[in-house]
Amino acid sequence: QSNKVEVVVFSAPSYACKRRTTLKNHNTLLTEALSILAESAELNEDEGRGVAFRRAAAVLKCLPKAVSSMEQLRGLPCLGDHSMRVIKDILENGASSEAESTKQSERFKALKVLTGIFGVGAKTADRWFREGIHSLSQLQESGHTLNQAQQAGLQFYDDINLPVSKTEADAISEIVEKAVHAVLPGAEITLTGGFRRGKLTGHDVDFLITHPEEGKEEGLMPKVVSWLESQGFLLYQKTTRNSYLESKDGPGRPASNMDRFERCLSIFKLTKDRCVGQKQGTKQSATPIESHVKTVCSLGDPTQAKGEGNSESLTGSCQKTEPNPQSHPHPLSQIHPSNLTLNVLGQEKSLDVDQAQTSGHKPWRAVRVDLVVSPVSQFAFALLGWTGSKLFERELRRWAGHEKAMSLSSHALYDNKQSRYLRASSEEEIFAHLGLEYIPPTERNA
Ligand code: GTP
Ligand code: MN
Ligand code: MN
């Protein structure tokens, strides 16, 4: 009998769009460190370096087991010298000193806080940082004029930096469906982004809207937005019209990754509605949407807690209830307590009174929502493009361009050799055009 230990040597295709990446990650220690370095590179606007670390992290995410030695990695693509050093450090010392010191650096911490403001990107955050603005209170004291998005971003900072649960995403879906159907019966709404990939939380909720009859979807977004506004669901919105046909660079060859669909970046007001025994005359029979509008949850008042869960556990703040589809079909029953302090990378930041309205024991929370409207002829491309992950999308486009001489966008697929567009009415057809095995959304978590 041999006492030799067999070493599992991993292998994987170098394009993330050829790999199946589920949410089960056996190498979180490695991928989290590499993601920190990717994030830091992105915050320093070093895109190339950012992508390199993202690719390295992604290849480790698809492995069937935890990496235990460097020799297991010799068959893997996308792992450059730098990533290899990071991995070696973690395997030998339990942590990456570079990732740790990055996380603790003043610059990284400050840029994270500042880009946590909706409407603030790496460029703006860097400019502010160099002016000595490292915190939200310093930003407020600086007297900088903020645009509308940034003002909303600051006002709802706490909520927007609190993950959105699937339960909350489902509640938002109901509202969006109600809005869309009110203004265009027959329109179809699809949840995209991370939730379509099976994630249990997200930083926002993404929707794609279309109508089976081409052209019927035109002008839909302003109507949906008006309806949502009239019902008090929107805290902020910015709609950009479809500019696809006007663009000079032509379909399939967008100037950037940004597409040209009619698109609305918004912040929803989602009422935390856990109360079954309701007050203010709201009927028990109210539909979820109606009760969503009308019900005021009486927080901190134990007399109002009847009928919902165990009232003993009421602590004067919102009671967190587990969603139970059997007895409580209401999708809005889960509550996220939010605090007056932000915890950004373990560093507590207290917000001043201006932001207090968005925190503490209010009966609602702010949620980032992205709405996109697509003509049905482009729906499959839009669905594929908006489902993500971001790296998976990038890799699909790279595969198309480098290996197939095709240009893929969220609007179309152009074959440069045949000089024609390739039609598709499903994601499966697009993968087939690209000569790729079909990868379902839950396996696109690269
Ligand atoms: P979380 O929201 O953090 O859960 O992750 P997510 O994967 O849903 O990310 P996000 O909402 O940022 O983006 C969802 C998908 O939309 C990703 O695949 C992005 O690449 C894509 N996306 C975001 N912005 C744009 C855009 O302007 N144009 C196009 N075509 N796609 C975009
Ligand atoms: Mn998303
Ligand atoms: Mn989004």
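Preceding block: the structure.
Fair warning: this is a prediction, and the values are worked out from it, not measured in the lab.

*Asks:* Give a detailed account of the overall build of the protein, specifying residues and quantitative values.
*Replies:* On a plain count of helices and strands, the protein comes out with 17 helices and 12 strands. Out of the 446 residues belonging to the protein, those deemed buried represent 50%. Within the protein, contacts between residues at least 6 apart in sequence are counted, and of these 68% link residues at least 24 apart. Carbon and sulfur atoms make up 49% of the accessible area of the protein, which amounts to about 21,400 Å² in all.

*Asks:* So what's going on with the packing of aromatic side chains? Residues and values would help.
*Replies:* Tallied over the full model, the rule gives 7 aromatic pairs. Note on Tyr 15 and Trp 399: the rings are 5.1 Å apart at their centroids and 85 degrees apart in plane angle, and the pair reads as edge-to-face. Placement of the pair is Tyr 15 in the segment before α1 (28–43) and Trp 399 in helix α16 (residues 390–404), with a sequence separation of 384 residues. Neither residue differs from the other here; Tyr 15 and Trp 399 are each classed as buried.

*Asks:* Before we move on, can you summarise the coordination of the manganese ion (ligand 2) with the specific residues and values?
*Replies:* Within the protein, the manganese ion (ligand 2) binds to Asp 204 (OD) and Asp 206 (OD); these donor distances fall in the range 2.0 to 2.1 Å. Between the manganese ion (ligand 2) and the manganese ion (ligand 3), a spacing of 3.6 Å is present, and a bridge between the two is formed by Asp 204.

*Asks:* Tell me about the coordination of the manganese ion (ligand 3), and name the residues and values.
*Replies:* Distances from the manganese ion (ligand 3) to its protein donors, Asp 204 (OD), Asp 206 (OD) and Asp 370 (OD), fall at 2.0 to 2.3 Å. Mapped onto the polypeptide sequence, the residues donating to the manganese ion (ligand 3) form the spacing pattern D-x1-D-x163-D. Its relative accessible area of 5% is what places Asp 370 among the buried residues.

*Asks:* Break down the pairing of strand β6 (residues 262–271) for me, with residues and values.
*Replies:* Summarising burial for β6: 8 of the 10 residues are buried, a large majority. Where strand β5 (residues 234–240) and β6 come together, 6 bridges link them in antiparallel fashion. From the neighbouring strand, Tyr 236 faces β6, where its bridge partner is Ile 267. Relative to strand β9 (residues 364–373), β6 runs antiparallel, the two sharing 10 bridges. Considered in β9, the bridge of Cys 264 is made with Leu 371.

*Asks:* Go over α16, please, and point to the residues and values.
*Replies:* Here α16 contains 15 residues, and its C-alpha end-to-end distance of 20 Å stays within 8% of the 21 Å for a straight helix at 1.5 Å per residue. Residues of α16 that are buried include every one of Leu 391, Phe 392, Glu 393, Glu 395, Leu 396, Trp 399 and Ala 400, and no others. Among the structural elements, α2 (47–61), α15 (379–387), β10 (406–408) and α17 (427–433) are those in contact with the buried residues of α16. A positive backbone phi angle near 50 degrees is found at Ala 405, which sits one or two residues after α16.

How each quantity is defined
- All residue numbers refer to positions counted from 1 along the written sequence of the respective chain.
- Here every chain gets a letter starting at A, and every ligand a number starting at 1, in the order they are written.
- Note on the predicted model: pLDDT of at least 70 is required for a residue's local features to be given, and 80 or more for side-chain atom pairs to be given and counted; whole-chain, interface and lining totals, by contrast, use all residues.
- Hydrogens and waters are ignored; side-chain quantities use all the structure's heavy atoms.
- Going along the chain from the N terminus, every DSSP run of H or I of four or more residues is numbered as a helix, and every run of E of two or more is numbered as a strand.
- Under the scheme applied here, a residue whose accessible area is under 20% of the maximum for its type counts as buried, over 50% as exposed, and between as partly exposed, the area being computed with a 1.4 Å probe on protein chains only.
- Contacts: residue pairs with any heavy atoms within 4.5 Å of one another.
- Computed with a 1.4 Å probe, the accessible areas rest on the Shrake-Rupley method; for each residue, only the protein chains presented here act as cover.
- Pairs were defined over the aromatic rings of Phe, Tyr and Trp, the Trp ring being its six-membered one, requiring ring centres within 6.5 Å. Orientation was assigned from the angle between planes: stacked under 30 degrees, edge-to-face over 60, tilted for the rest.
- Metal-coordinating donors are taken as N, O and S atoms lying within 2.8 Å of the metal, or within 3.2 Å when the metal is Na, K or Ca; because water is left out, some sites can appear incomplete.
- Strands are treated as partners if at least two bridges between them are detected by DSSP.
- A helix's residues, less one, multiplied by 1.5 Å, set its expected span.

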